[in-house]
Amino acid sequence: PVKLLEAEAVVSTQSTGVVSDNSTSVYVYAKQSNGKWTKETELQKHIERVKCVDWAPNTNRISTCAGDRNAYVWNLNAETGVWEPSLVLLRIERAATYIRWSPAEDRFAVGSGARLLSVCFYDNEHDWWVSKHIKKPIRSTILCVDWHPSNHILAIGSCDFKCRIFSAALKETNDKPEISGWMPKLSKFSALLAEYETQGWVHSVKFSPSGDRLAWAAHDASINIVHMDSKDSVIRSLTPSLPLLSIIWASEGSVVCAGHDNYPSLYNINGDTLSAGTRLDVKEKKAGGGMSAMARFQQLDR
């Protein structure tokens, strides 16, 4: 039987991937020379349904989080070929909902239903992963997280109809963040840099490749984009689609969105507006190969 994929992540080489099928297990797949994907191994540690997975390609680490309020970092033992888990001290009282590695892969963020964000980093002294919390002014479950290319800023979307940008600079890792449009002055960890309101749950948030723009998609089927040099001016397009669940950048001037319509659409930024969405997976209709039975009888009557 076909199972729902709750979470998935693919390495940038497109040769390996990790998925969870709406269960407590996580599966690592490898792409064969014939183009087919085969299961290499199964990772079992969680006792509740896995909500999200992510793969850090450079350090070759897999991170997972689940409804059991736990997160694990999986490292591949080169000698045995076995993925070994390391527990993360999240210190949360509700389910972990989303996990994402930072660009430098020295930390990751975990969203949860506890109305807080856990930013996790490795403690060499105690040989485990620890976390620091961002709490205020989050008022509901976090649904999505994305990191700025600088590694010191992140954005979240949550069920309180808000998209927020925070400073994630850690003194424990001797961070030296740079001043930018998102962070006009050096800000300490957890400082709120920007906040935007929508008319629905924020399902997906994504910084552009340069980090100059931020886009988010909400349950009201809206696409929202803001530039760091004009943070008070949001480009908002209310699409005719069903609620949108995902948004990615195709380039600095275009985004691809998808949701309950079950197909992706391309939107281009034109000044302070978004162009109408262009459907990307239109299937070509096959030409009729033969005459139907009805057409045959009609032909005989002529």
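Residues numbered from 1 in each chain as written. Predicted model: local features only at pLDDT ≥ 70, side-chain atom pairs only at ≥ 80, totals over all residues. Heavy atoms only, no water.

**Q** Explain the state of the cysteines residue by residue, including any values.
**A** Counted according to the given criterion, the structure contains zero disulfides. For the unlinked cysteine Cys 65, the closest cysteine sulfur is that of Cys 52, found at 5.1 Å. Of the residues examined, Cys 65 reaches a relative accessible area of 0% and is grouped as buried. (Disulfide = S-S within 2.5 Å. Buried < 20%, exposed > 50% of the residue type's maximum accessible area, 1.4 Å probe, protein only.)

**Q** Could you give me a rundown of the sheet that holds strand 14 (residues 153-158), with the residues and numbers involved?
**A** In a beta sheet, neighbouring strands are held together by backbone hydrogen bonds and run either parallel or antiparallel to one another. An order of 13-14-15-16 is seen for the four strands of this open sheet, with the pairing classed as antiparallel. At either end of the open sheet lies a strand with only one pairing partner, and these are strand 13 (142-147) and strand 16 (192-197). Averaged over all neighbouring strand pairs, the angle between strand axes comes to 15°, with direction disregarded. Sheet topology places strand 14 next to strand 15 (residues 162-167); five bridges connect them, and they run antiparallel. Looking across to strand 15, one finds that Leu 154 is bridged to Phe 166. (Pairing = 2+ DSSP bridges. Helix = DSSP H or I, 4+ residues; strand = E, 2+ residues; numbered from the N terminus. Axes fitted to C-alpha atoms, helices over the stretch in contact; angles between N-to-C directions.)

**Q** An account of the packing of aromatic side chains is requested, with residue identities and associated values reported.
**A** Applying the stated criterion to the full structure yields eight aromatic pairs. Here the aromatic rings of Trp 101 and Trp 129 are separated by 5.8 Å at their centres, their planes lie at 80°, and the arrangement is edge-to-face. On the criterion of sequence distance, the pair formed by Trp 101 in strand 9 (residues 96-101) and Trp 129 in strand 12 (residues 128-134) is long-range, its members being 28 residues apart. Assessed through its relative accessible area of 2%, Trp 129 is described here as buried. An angle of 65° between the planes, with centres 5.3 Å apart, marks the rings of Tyr 122 and Trp 129 as edge-to-face. Overall, the relative accessible area of 30% leaves Tyr 122 in the partly exposed class. Through a chain of ring-to-ring contacts, three or more aromatic side chains come together here, namely Trp 101, Phe 108, Tyr 122 and Trp 129. (Phe/Tyr/Trp six-rings, centres within 6.5 Å; stacked < 30°, edge-to-face > 60°.)

**Q** Mind laying out the sheet that holds strand 19 (residues 222-227), listing which residues take part and the relevant values?
**A** With antiparallel pairing, four strands are arranged side by side in an open sheet as 17-18-19-20. Here the strands that pair on one side only, and so sit at the sheet edges, are strand 17 (202-207) and strand 20 (230-238). Each strand axis lies, on average, 20° off the axis of its neighbour in the sheet, ignoring direction. Strand direction decides the pairing type here: strand 19 and strand 20, joined by six bridges, are antiparallel.

**Q** Can you tell me about the environment of Ala 217, naming the residues and giving the values?
**A** Tracing the chain through its elements places Ala 217 in strand 18 (residues 213-218). The exposure class assigned to Ala 217 is buried, which follows from its relative accessible area of 0%. Setting aside residues no more than four positions away along its own chain, Ala 217 makes contact with Trp 201, Val 202, His 203, Ser 204, Ser 222, Leu 244 and Ile 247. (Contact = heavy atoms within 4.5 Å.)

**Q** Summarise the pattern of salt bridges; cite the residues concerned and give the values.
**A** Taken as a whole, this structure holds 10 salt bridges when the rule is applied. We note a salt bridge from Glu 172 to Lys 132, for which the minimum N-O separation is 3.4 Å. Taken together, the positions of Glu 172 in the loop between strand 15 and strand 16 and Lys 132 in strand 12 put the pair 40 residues apart, joining distant regions of the chain. Exposure remark for Glu 172: the relative accessible area of 39% places this residue in the partly exposed category. Given a relative accessible area of 22%, Lys 132 falls into the partly exposed group. Across the pair Lys 206 and Asp 146 runs a salt bridge, and its minimum N-O distance is 3.5 Å. Remark: Asp 146 occurs in strand 13 and Lys 206 occurs in strand 17; sequence separation between them is 60 residues. Classification of Lys 206 by relative accessible area gives partly exposed; the value is 30%. Residues participating in the shared-partner salt-bridge network are Asp 160, Lys 162, Arg 164 and Glu 195. (Salt bridge = Lys/Arg side-chain N within 4 Å of Asp/Glu carboxyl O.)

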